[in-house]
Amino acid sequence: MKIPSIVRSLTSRPRYRHKTPLFAKCRPFLDAPLRSFSTALPESQEMKEFMEYMEKLKNYEKIGVPRGAGTDSGDGFDLGRMRRLLHNLGNPQSKFKALHIAGTKGKGSTAAFLSSILRAEGYSVGCYTRERITLGTTGEPVSAKALSSHFHLIKEDLDIAVKLEKGHLSQFEVFTALAFSLFAEEKVQFAVIEAGLGGARDATNVLTNSDLAVSVITNIGAEHLAALGGSLESIAAAKSGIIKERRPLVLGGPFLPHIERIIRDKALSMCSPVVSASDPGNRSGLKGFSRACEMPRQLCDILLLIERDLRVFIELFDVQLRLLGSHQLQNAATATCAALCLRDQGWNLSDTSIRAGLESAFLLGRSQFLTAKEAKMLGLPGATIMLDGAHTKESAHALMDMIKTAYPEARLVLVVAMANDKDHLGFARVLLSALNDISRLCAYPSLEELVLVYQVVCELSSWCGEETPQSGCLEAVCFTEVDIAGDKTRTISSSSLKDSWVQACQEMGGDFLDCKTAKYELIENQHTQSAGKKGRESVLFVESSLLASLRLGSEILAAKSGNQHGIIVVTGSLHIVSAVLGLLER
């Protein structure tokens, strides 16, 4: 068996700019550090001033969110700061109709669907999410020039507010105010706004019932527990803080019954009608996947007849979604419910526009496949690379369900990096249980040792007469590290992350071989003894370089998969997704 070289030198590439919104690099709640944004791209002196200004503000993405900060209590963030800041700016949040979205997962995707639907009808829309600010009828990301220009327009008011609040204003608060002010200046008709943390005390929750058109809660899960009160019940209470008096509430779900009861009770107290995308009247279904073009799509029917509180009805057959997975079908149904609530209020929204909006919606880092050109830019011609920012057990389930449904025969290499406050063990358990044909995981402390051992393993496989592995399995997991808010303070070390996966594997009864302590002879003996059982093994290894991790994953797939379809899945956080997209901008 000929083993291709696993270690290759980095080759030069032509300069290419990916369509990542520049704003995504400077929003404090996302993935790339402010410093890298100001130095990696040839921006103006004005943009540099903006970045330096933001770096002086409190950054909770870097220092961590205080315990209870997202709860509607004495420990919660002070919304008075945000209201005073917006008052200094002329209350821009009152100059458009807002659709406010909270939830543990699905906020960004639901916002993408909803803003795309509104644009398809011809409305001018501002969209403020974890990834980006977009504007207008085309949904183009706000340029660095426009962002910098508007910053300098309102800088005097920002300076007054910063001085008044004595250093307590955060990056997120200032960015939110900047987005609202920009929307008002551009005279958008609608603003689709994603809450940052929780809802009740989030900086976006300054909208009154006259500002709000619809509120949306996608789902409730165990994330940011300490900041949101420590339980699912407290998280539900925090997120239900976005409900406003007599304004319709759309629920995504599904929810645990007692959690949904908490939210519905809050809506009842606010006299707010509730429309649930998990109602039995939602008969939407996934029909199949199309991989005929470079960007796969899933074929769905969106069928809604919901008559509780508000009556909403629509039938859309054979909708082709670019966002993949059954969870994205639920997000699409949730966004459709919100659009139908707007229709009930008298806004023009045709079935044709709803279909067009659903089909054109796209979001970076959600089951996103890089194009052939982008893979080549990374030095991986012909590789299939998928980016997905999954970082909870729930999102891991959704990711694996999508892969197993759309690509049941694909052979996988996972490249994983995570923040240190996530459930690393739970995340590993979900992914490993979804790939339950794993025979043995082997950990390698260095790239050089992996090269040596991997060649030996392949040679032993040939000597022992092992067959080509069955399709649809995990070939390798690579653990790496990426910056969060400019450094690795909040990043779990790759070795510690690997240890969580080792533990998960051991709990599931898988054999484990750690080459830090094992002798070469032991590797040979154990592999020879295992030959003829399942005839395959997955490798677990650490590599500090993200690009080297991707290229190594590609080499492993090439060596072990042959002509079978293989996918490199980059996951564990939106930070690693952003880092890969950043590689395309260099």
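Criteria and thresholds
- Residues numbered from 1 in each chain as written.
- Predicted model: local features only at pLDDT ≥ 70, side-chain atom pairs only at ≥ 80, totals over all residues.
- Heavy atoms only, no water.
- Helix = DSSP H or I, 4+ residues; strand = E, 2+ residues; numbered from the N terminus.
- Buried < 20%, exposed > 50% of the residue type's maximum accessible area, 1.4 Å probe, protein only.
- Contact = heavy atoms within 4.5 Å.
- Core = buried A, V, L, I, M, F, W, Y, C linked by side-chain atoms within 4.5 Å.
- Pairing = 2+ DSSP bridges.
- Right-handed = clockwise from strand over helix to strand, strands pointing away.
- Polar contact = N/O pair within 3.5 Å; in protein donor to acceptor, adjacent residues only side chain to side chain.
- Axes fitted to C-alpha atoms, helices over the stretch in contact; angles between N-to-C directions.
- Salt bridge = Lys/Arg side-chain N within 4 Å of Asp/Glu carboxyl O.
- Parallel < 35°, antiparallel > 145°, perpendicular 65-115°, else oblique.
- Left-handed = near helix turned anticlockwise from the far one by under 90°.
- Nonpolar A, V, L, I, M, F, W, Y, C, P; charged D, E, K, R; others polar.

A.B. asks: How do you make sense of the environment of His224 when you look at a structure like this?
C.D. replies: Among the structural elements, His224 can be located in the loop between strand 6 (212-217) and helix 8 (232-239). The exposure class assigned to His224 is partly exposed, which follows from its relative accessible area of 37%. His224 sits 197 residues away from Asp421 along the chain, and the two C-alpha atoms are 8.4 Å apart. Residues within four places of His224 in sequence aside, it is in contact with Leu197 and Lys422.

A.B. asks: In this structure, what is going on with the nonpolar core? I would like to understand it.
C.D. replies: Judged by nonpolar contacts, the single largest core of 45 residues is most densely connected at Leu118, Val214 and Leu358. Here this core takes 10 residues from helix 10 (residues 326-344), the largest share from any one element. With sequence-adjacent residues up to four places away left out, Leu358 is seen in contact with Phe113, Ile117, Ile302, Leu316, Val319, Leu321, Ala332 and Thr336.

A.B. asks: Is there a simple way to explain the pairing of strand 6 in this structure?
C.D. replies: When a strand is regular, its side chains alternate between the sheet's two faces. Along strand 6, 6 of the 6 residues are buried, which leaves the element largely enclosed by surrounding structure. Bridge analysis of strand 1 (residues 97-102) against strand 6 gives 5 bridges, and the strand direction is parallel. Opposite Leu99, over in strand 6, you have Val214 as the bridge partner. Here strand 6 runs beside strand 7 (residues 249-251); their pairing, made up of 3 bridges, is parallel. Within strand 7, the position partnered with Ile217 by the bridge is Leu251. Since strand 6 and strand 7 lie parallel, the crossover through helix 8 that links them has a hand, and here it is right-handed.

A.B. asks: Explain the side chain of Ser395 to me, please; I cannot follow it from the model alone.
C.D. replies: Relative to the helices and strands, Ser395 resides in helix 13 (residues 393-406). A relative accessible area of 10% means that Ser395 is categorised as buried. Within the structure, Ser395 has its side chain in polar contact with the backbone nitrogen of His391 (distance 3.0 Å).

A.B. asks: Any chance you could explain the sheet that holds strand 3 (residues 133-135) here in plain terms?
C.D. replies: In any sheet, the strands associate via hydrogen bonds between backbone groups, in a parallel or an antiparallel arrangement. Taken in spatial order, the 8 strands make up an open sheet running 4-3-2-5-1-6-7-8, and their pairing is mixed. Either end of the sheet is taken by a strand with one partner, and the two such strands are strand 4 (140-141) and strand 8 (274-276). Packing of helix 9 (residues 257-269) onto the sheet brings it into contact with strand 6, strand 7 and strand 8, and relative to strand 7 it is tilted by some 170°.

A.B. asks: Would you explain the pattern of salt bridges in this entry?
C.D. replies: A side chain with one charge can pair with a side chain of the opposite charge if their charged atoms come near. If you walk through the whole model with that rule in mind, you get 20 salt bridges. Across the pair Glu507 and Arg429 runs a salt bridge, and its minimum N-O distance is 2.8 Å. Highlighted residues: Glu507 in helix 16 (residues 494-507) and Arg429 in helix 14 (residues 424-434), separated in sequence by 78 residues. Since its relative accessible area comes to 43%, Glu507 is described here as partly exposed. With a relative accessible area of 35%, Arg429 lands in the partly exposed category.

A.B. asks: How should the sheet that holds strand 9 (residues 285-290) be read in this particular structure?
C.D. replies: The 3 strands are arranged 9-10-11 in an open sheet whose pairing can be described as antiparallel. Because the sheet does not close on itself, it has two edges, and the strands there are strand 9 and strand 11 (312-321). Going across the sheet, the axis of each strand differs from the next one's by a mean of 10°, ignoring polarity. As judged from the 5 bridges shared by strand 9 and strand 10 (residues 297-306), these two strands associate in the antiparallel manner. When the sheet's bridge partners are listed, Gly285 is paired in strand 10 with Asp301. This element, helix 11 (residues 351-360), spans strand 10 and strand 11 of the sheet and lies at about 40° to strand 11.

A.B. asks: In this structure, what is going on with the packing of helix 5 (residues 107-120) against helix 10? I would like to understand it.
C.D. replies: Two measures define how a pair of helices packs: the angle their axes make with one another and the distance between the axes. Contact geometry of helix 5 with helix 10 gives a least axis separation of 8 Å together with a crossing angle of 45°. Comparing the axis directions of helix 5 and helix 10 gives the class oblique. The handedness of the crossing between helix 5 and helix 10 is right-handed. Here Ser109, Thr110, Phe113, Leu114, Ile117 and Leu118 of helix 5 come into contact with helix 10, specifically with Gln328, Asn331, Ala332, Thr334, Ala335, Ala338, Ala339 and Leu342. Of the residues contributing to the contact of helix 5 with helix 10, the split by class is 9 nonpolar, 5 polar and no charged.

Geometric descriptors of this kind do not, in isolation, establish any biological role.
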